[in-house]
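Structure at a glance
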Amino acid sequence: MNGRDLVRSVKMVGSVQGLRTVRSAWRRQRADARSLPARGAERARVPGLLVGAEPGPGGGVVRFARSELRIRVASGGAVFWAWDGAEPLPSYALPGPAPEPDPRAVLEPDKDGGWQVVSERLTVVVSRHGAVELRTPGGVMLRRELPPRWWEPLAGGPARWVQRSEVPADARFFGLGGRAAGPRLRDGAYELWNTDPGGRFGPGDDPLYLTMPVQVVVSDAGTHLAFHDNSWAGRVRLREGEEGAGSGHDRPGMCEVRMDGGPLRCWVVAGTPARVLQGWTALTGAPALPPSWALGPQHARWGFGSAREVRRIVAGYRERGLPLSVLHLDIDHYDGHRVFTVDRDRFPDLPQLAEELREKGVRLVSIIDPAVKAEPGYPVFDTGTAVGGAGAFVRDARGRMVRGEVWPGECVYPDFTDPQVRRWWSGLYEERLTQGFSGVWHDMNEPVSFTAFGEPTLPRSARHVLEGRGGDHREAHNVYGLAMARAGYEGLRRLRPDERPFLFSRSGWAGMQRYGGTWSGDVTTGWPGLRASLSLVLGLGLCGVPYSGPDVGGFGGSPSPELYLRWFQLGAWLPLFRTHAARDAGRREPWEFGPEVLEHARAALVERERLHPYFVTLAQLARLTGAPYVRPLWWGEPGDRALRECEDAFLLGDALLVAPVLERGTDRRAVRLPRGRWYDTATGEAYEGPGQVLVDAPLSRVPVLVRAGAVIPVRGADGGLELEVWAPPAGRTGGGVVVPDGGDGWKLPEAERYTTRLVDGRVVVEFEGAGGEVVHPVRVRGV
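1. Quick notes on the overall build of the chain
If you tally the helices and strands in the chain, you get 15 helices and 44 strands. What you see for the chain is a C-alpha radius of gyration of 26 Å, in line with the 28 Å of a compact globule of 783 residues. On the principal axes, the C-alpha backbone points of the chain span a range of 70 × 70 × 50 Å. Nonlocal contacts in the chain, meaning residues at least 24 apart in sequence, comprise 68% of its contacts between residues at least 6 apart. Accessible area for the chain stands at about 28100 Å²; split by element, carbon and sulfur atoms hold 49% of it.

Here it is as structure tokens:
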């Protein structure tokens, strides 16, 4: 901890607790110095020359002088390769057994003295020196992995390694979890260590709360996703390529992955963007389906302070005719900030309050932090110490409970990598349900404390169970939030088996979509923070996490009325639409920013509610196909280089193109259009893509365009499902998929497919199913 960290800690939590962070930092550093000795001398190693190969199911093993490479093509088309005998399991990213190998994929000699595996979607070519090249069926290079290098401590211990890769010169990088500087990842280094950036963050801050070694690469040759399945601390360095470069030779793009330990293994999925995300979620699990009410407007603030204030806020929404589906309670509703408690003075009858709000159509959601106050007599601490033989809490190398400073004071941390601990923790959620909460949001679970932001809460030498394998925090840190989300999700599902759980988490890792979504965390208030909000949602969606959104208005600071409104308008088109702010950042209710902002915010809320059936459909499609709700403009046309460069607009599903206002004082903006005809939903004016158009963006709305021929499910005036159909161009057809709202249980309705065509100037809508009859009211626009 340096002086600046100390000052920040003291300012945030008070001088007494702030000074205790000094002791916590000292303990952490001392523990690591004692239990993680310096690496000392190391021996470098490369694979060496090829010496033989052994075919096996879906591929085989290629042996080199100083290592061996295992290649396996899975039945779904994903390619797995690993060095030094690493297998797909164990893995926190995979929800169960590894995929079965594809029996059609065979390891065979290559003409250049190496070996190759030919599959339906990829050809994997291994050179004599250990380079691995991934090619399309037509022979075009997608990715070339150069021979890796390891550094092994002579005194023993985990080997660190580096893997360098080349991609086509025109390729663009995306992903790596939640990155504020995205969605396109430019030249630079990106850390793989889930981190609280220290209260506020903007586009220049890295890493953030949710990092993943998942990169999506888009080039003219095709799209692929590469996942280095390793949860250790690491760094990814990217450099975009350059075509021609004056000499006629292309300089390929470069990716370098460095890890401090753990296996060198990788999964690659290739195809169209839609096929890539479908293959990725088939590998790591389908996204959890949020309840229908979680797709409505949500409101939070750190500092509601009392049941009276909660009632006042909800009444304010109702009196002004503003829709509200969810209200979140932050840590100030706890008794002394202790998790799974209630401050009875300020919230004397929380179940009654929850029932009262539910009758008004508003659900309560509770924050849950992982840190448990180390206080004998506190039931959560007492029951945790009795779990298993050693208790539920993380211990150091000497067997003592690791302690840190968090909101309640001195705290200990459950080891969510222990199945017994997850079972115990999941049972604690019964208290939240008894208090009337309908869902939870996990916070502070990177994990962090006030020791020093940017550093791990726990000593890197702290011990974890890791599903029985045993290990330390260097391996467990990045999956801590993921394992906590699993515990929470499984608990909610077991305690309320007839309802779909609602959970979202600030931190996580690859595969976290199985348990819920995420949000931006403490994004800074300002126009850069607004832009970062969109970057995070787009990047996370490409990593398989479709349900996310920002703190509308920014977490800290006071937004101007214009900034608040533009953020509100963006949030209305994102999956998680939630206003939120710190206790010292002022209010975020729409009426606090003047009558003009209130009127325009009301219009955004009303449109969000009207489109609720469309969001329900997108949620169901994400579960079925892995496709995110929010997609980059190049989603359907990855070969369009102009679309690959566009970062200030997005597709919402296949039908809508949203162009938010991200700069102060803007009333018109340029919009890049994919191929086809697009209608401005406000004016009805038609535009032809591909190309760029200039459209109005008055303070009252942001530009939203719709694809010609689209069928969009909306909520009609009577509250029922209605089909909004936009006329297709003459001689072309359109259509859409509709998944009706099946409620908040597990019964999943059938998808309905519709086609549209123009006949004698009249739009004809047809249902692709038994009987062919359209049973919903139809409203035609664009004629």
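2. What to know about the sheet that holds strand E34 (residues 650–652)
In sheet architecture, strand pairing relies on hydrogen bonds along the backbone and comes in two forms, parallel and antiparallel. With antiparallel pairing, 6 strands are arranged side by side in an open sheet as E33-E34-E35-E38-E36-E37. One side of each edge strand has no neighbouring strand; the edge strands of this open sheet are strand E33 (630–631) and strand E37 (686–696). Where strand E36 (residues 668–680) and E37 come together, 10 bridges link them in antiparallel fashion. Bridge pairing in E37 links Arg669 to Val695.

3. With respect to the nonpolar core
Counting residues in hydrophobic clusters, the biggest one holds 197 residues, and the most contacted among them are Trp425, Trp573, Tyr629, Phe650, Leu652, Leu656 and Ile712. When residues of this core are assigned to their parent elements, the largest contribution, 9 residues, is made by helix H11 (residues 527–542).

4. Some thoughts on the pattern of salt bridges
What the rule picks out here adds up to 64 salt bridges. In this structure, Glu309 engages Arg312 in a salt bridge whose closest nitrogen and oxygen atoms are separated by 3.0 Å. A residue pair is termed a helical-turn pair when its members lie 3 or 4 positions apart in one helix, as Glu309 and Arg312 do in helix H4 (residues 307–319) at 3 residues. By relative accessible area, Arg312 is classed as partly exposed at 37%. Close ionic contact of Arg757 with Glu766 constitutes a salt bridge, the shortest N to O distance being 3.0 Å. Here Glu766 falls in the partly exposed class, since its relative accessible area comes to 32%.

5. Structural notes on the sheet that holds strand E2 (residues 50–56)
Reading across from one edge, E2-E3-E4-E5-E20-E17-E16-E13-E14 is the order of the 9 strands in this open sheet, with antiparallel pairing throughout. For this open sheet the edge positions go to E2 and strand E14 (184–185), each flanked by a neighbour on one side alone. Taken together, the 6 bridges between E2 and strand E3 (residues 59–64) define a ladder with antiparallel strand orientation. Pairing of Pro55 across the sheet is with Gly60, part of E3. Helix H3 (residues 273–284) rests against strand E16 (211–219), strand E17 (222–228) and strand E20 (265–271) of the sheet, and its axis sits at about 140° to E20.

6. Quick look at the packing of helix H12 (residues 561–571) against helix H13 (residues 595–610)
Orientation of H12 relative to H13, taken along the N-to-C sense of each, is 5°, at an axis distance of 9 Å. Here H13 runs roughly parallel to H12, going by the angle between their axes. Along its contact with H12, which presents Pro561, Tyr564, Leu565, Phe568 and Gly571, the element H13 presents Val597, His600, Ala601, Ala604, Leu605 and Arg608. Along the lines of polarity and charge, the residues of the contact of H12 with H13 split into 8 nonpolar, 2 polar and 1 charged.

7. Comments concerning the side chain of Asp343
Inspection of the secondary structure assignment puts Asp343 in the loop between strand E22 (326–329) and helix H5 (350–359). With relative accessibility at 14%, the residue Asp343 sits in the buried group. Ignoring any residue separated from it by four or fewer positions in sequence, one finds Asp343 in contact with His333, Tyr334 and Asp335.

8. Let's talk about the confidence of the model for the chain
On average, residues of the chain carry a pLDDT of 94, and 96% of them reach 70 or more. In the model, residues 1–6 has pLDDT below 50 throughout and makes 14 contacts with residues more than four positions away in sequence or in other chains.

9. Observations concerning the state of the cysteines
According to the stated counting rule, one finds 0 disulfides in the structure shown. Here Cys266 is not cross-linked by a disulfide; its sulfur's nearest cysteine counterpart is in Cys255, at 9.2 Å.

10. Topic: helix H10 (residues 480–495)
For H10, built from 16 residues, the straight-helix expectation of 22 Å at 1.5 Å per residue is met to within 8% by its first-to-last C-alpha distance of 23 Å. Buried residues of H10: Tyr480, Gly481, Leu482, Ala483, Met484, Ala485, Ala487, Gly488, Tyr489, Gly491 and Leu492, and no others.

11. Describing the packing of aromatic side chains
Following the criterion strictly, the structure yields 31 aromatic pairs and no others. Each ring, one from Tyr317 and one from Trp591, has its centre 5.2 Å from the other, and the planes form 80°; the classification is edge-to-face. Taken together, the residues Tyr317 in helix H4 and Trp591 in the loop between strand E32 (578–579) and H13 connect sequence positions 274 residues apart. Classification of Tyr317 as buried rests on a relative accessible area of 3%. Residue Trp591 is classed as buried on the basis of its relative accessible area of 13%. Between Tyr489 and Tyr515, the aromatic rings sit 5.9 Å apart at their centres with planes inclined by 55°, giving tilted as the arrangement. Of the two residues, Tyr489 is situated in helix H10 and Tyr515 in the loop between strand E30 (503–505) and H11; the sequence distance between them amounts to 26 residues.

12. So, unusual backbone geometry
Of note, the amide linkage connecting Leu89 to Pro90 takes the cis form, showing an omega dihedral of 0°. Tracing the chain through its elements places Pro90 in the loop between strand E5 (79–83) and strand E6 (106–109). Along the chain, Glu446 connects to Pro447 via a cis peptide bond; the corresponding omega equals 0°. Unusually for a residue other than glycine, Asp84 sits at a positive phi of about 60°. Looking at where Asp84 falls in the secondary structure, it is placed in the loop between E5 and E6. The partly exposed category is assigned to Asp84, whose relative accessible area is 39%. Positive phi, close to 60°, is recorded for Glu467, a residue that is not glycine. Assignment of secondary structure puts Glu467 in the loop between strand E28 (463–464) and strand E29 (471–472).

13. A few points about the packing of H11 against H12
Between H11 and H12, the shortest axis-to-axis distance is 10 Å and the interhelical angle comes to 5°. Taken together, the axis directions place H11 and H12 in an arrangement best described as roughly parallel. Touching Trp527, Gly529, Leu530, Ser533 and Leu534 of H11 are Glu562, Leu563, Arg566, Trp567 and Leu570, all from H12. For the contact of H11 with H12, the residue count by class is 6 nonpolar, 2 polar and 2 charged.

14. As for a nonpolar patch on the surface
A surface patch of nonpolar side chains, amounting to about 260 Å² of accessible area, comprises Val778, Val780 and Val783. Residue position: Val778 is located in strand E44 (residues 778–781).

15. Focus on the environment of Val695
With respect to the secondary-structure elements, Val695 resides in strand E37. Look at Val695 and you get buried, because its relative accessible area is 1%. With 15 residues separating them along the chain, Val695 and Asp680 place their C-alpha atoms 8.5 Å apart. The contacts of Val695, once residues within four sequence positions are left out, are Arg668, Arg669, Val671, Tyr687 and Pro703.

Procedures and definitions
- Residues numbered from 1 in each chain as written.
- Predicted model: local features only at pLDDT ≥ 70, side-chain atom pairs only at ≥ 80, totals over all residues.
- Heavy atoms only, no water.
- Helix = DSSP H or I, 4+ residues; strand = E, 2+ residues; numbered from the N terminus.
- Rg over C-alpha atoms; globule rule 2.2 N^0.38 Å.
- Contact = heavy atoms within 4.5 Å.
- Areas by Shrake-Rupley, 256 points an atom, 1.4 Å probe, with all protein chains shown as cover.
- Pairing = 2+ DSSP bridges.
- Core = buried A, V, L, I, M, F, W, Y, C linked by side-chain atoms within 4.5 Å.
- Buried < 20%, exposed > 50% of the residue type's maximum accessible area, 1.4 Å probe, protein only.
- Salt bridge = Lys/Arg side-chain N within 4 Å of Asp/Glu carboxyl O.
- Axes fitted to C-alpha atoms, helices over the stretch in contact; angles between N-to-C directions.
- Parallel < 35°, antiparallel > 145°, perpendicular 65-115°, else oblique.
- Nonpolar A, V, L, I, M, F, W, Y, C, P; charged D, E, K, R; others polar.
- pLDDT = per-residue confidence, 0-100.
- Disulfide = S-S within 2.5 Å.
- Expected span 1.5 Å × (residues − 1).
- Phe/Tyr/Trp six-rings, centres within 6.5 Å; stacked < 30°, edge-to-face > 60°.
- Patch = residues over 30% accessible without salt bridge, like charges linked within 9 Å, V, L, I, M, F, W, Y side chains within 5 Å.

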